[in-house]
Amino acid sequence: MYARIVTVEANVDKLEELIAIYRDSIVPAARQQKGFMGARLFTNPVTGKGVSVTRWQSKEDLEAGEASGYYQEQIAKIAPMLTAPPAREIFDISVD
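Worth saying up front: this structure is predicted, and the values here are computed from it rather than measured.

Scanning all chains against the criterion turns up two aromatic pairs. Both rings, one in Phe36 and one in Trp56, keep their centres 5.4 Å apart while their planes meet at 70°; by these two values the pair is edge-to-face. Separated by 20 residues along the polypeptide, Phe36 in strand E2 (residues 36-43) and Trp56 in strand E3 (residues 49-56) bring together distant segments of the chain. The two residues Phe36 and Trp56 agree in class, both being buried. Residues Trp56 and Tyr70 carry aromatic rings whose centres are separated by 6.5 Å and whose planes lie at 70° to one another, so their mutual orientation is edge-to-face. A residue pair is termed long-range when its members are at least 10 positions apart, and Trp56 in strand E3 and Tyr70 in helix H3 (residues 70-78) qualify at 14 residues.

See below:
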């Protein structure tokens, strides 16, 4: 299993809007992707920092979403709320 971890810095005044978009638009879109296993969003309401963790059955499934433009489409939904470009990392899930 694999995880995509995306760290964002958002305008504190826009954080609730970002959370709503993640919950109501990004997660439902992710559920339609092959190999998607779940998502979590962690936020700090004081700093505006957020961390998204999505889990995938295989690295191929995770990478397919990036090759198809799915990942870029999801980032575009929250881009107006961000104060810096998001940072993306991919990890093996060693213990679940």
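This part takes up the side chain of Ser52. Here Ser52 shows up in strand E3. Classification of Ser52 as buried rests on a relative accessible area of 12%. Those residues in contact with Ser52 that sit more than four places away from it in its chain are Arg4, Ile5, Val6, Tyr22, Arg40 and Leu41.

The next thing to look at is the nonpolar core. Core analysis: the biggest nonpolar cluster contains 21 residues, and Leu18, Tyr70, Ile78 and Leu82 have the highest contact counts within it. Elements with a contribution of two residues or more to this core: strand E1 (2-9), helix H1 (15-31), E2 and H3. Counting residues per element, this core draws most heavily on H1, at eight residues. Those residues in contact with Tyr70, other than ones at most four positions away along the chain, are Arg4, Ile26, Ala29, Ala30, Gln33, Trp56 and Gly65.

Regular strands place their side chains on alternate faces of the sheet. In this structure, E2 lies alongside E3, joined through seven bridges in antiparallel fashion. Within the sheet, the bridge partner assigned to Arg40 lies in E3 and is Val53.

With that settled, the discussion passes to H1. For H1, built from 17 residues, the straight-helix expectation of 24 Å at 1.5 Å per residue is met to within 8% by its first-to-last C-alpha distance of 23 Å. The largest bend in H1 comes to about 40°, at Tyr22. Taken residue by residue, H1 has Leu15, Leu18, Ile21, Tyr22, Ile26, Val27, Ala29 and Ala30 as its buried positions. Next to the buried residues of H1 lie E2, E3 and H3.

Conventions we followed
Residues numbered from 1 in each chain as written. Predicted model: local features only at pLDDT ≥ 70, side-chain atom pairs only at ≥ 80, totals over all residues. Heavy atoms only, no water. Phe/Tyr/Trp six-rings, centres within 6.5 Å; stacked < 30°, edge-to-face > 60°. Helix = DSSP H or I, 4+ residues; strand = E, 2+ residues; numbered from the N terminus. Buried < 20%, exposed > 50% of the residue type's maximum accessible area, 1.4 Å probe, protein only. Contact = heavy atoms within 4.5 Å. Core = buried A, V, L, I, M, F, W, Y, C linked by side-chain atoms within 4.5 Å. Pairing = 2+ DSSP bridges. Expected span 1.5 Å × (residues − 1). Bend = angle between axes of the 7 residues up to and from the residue.

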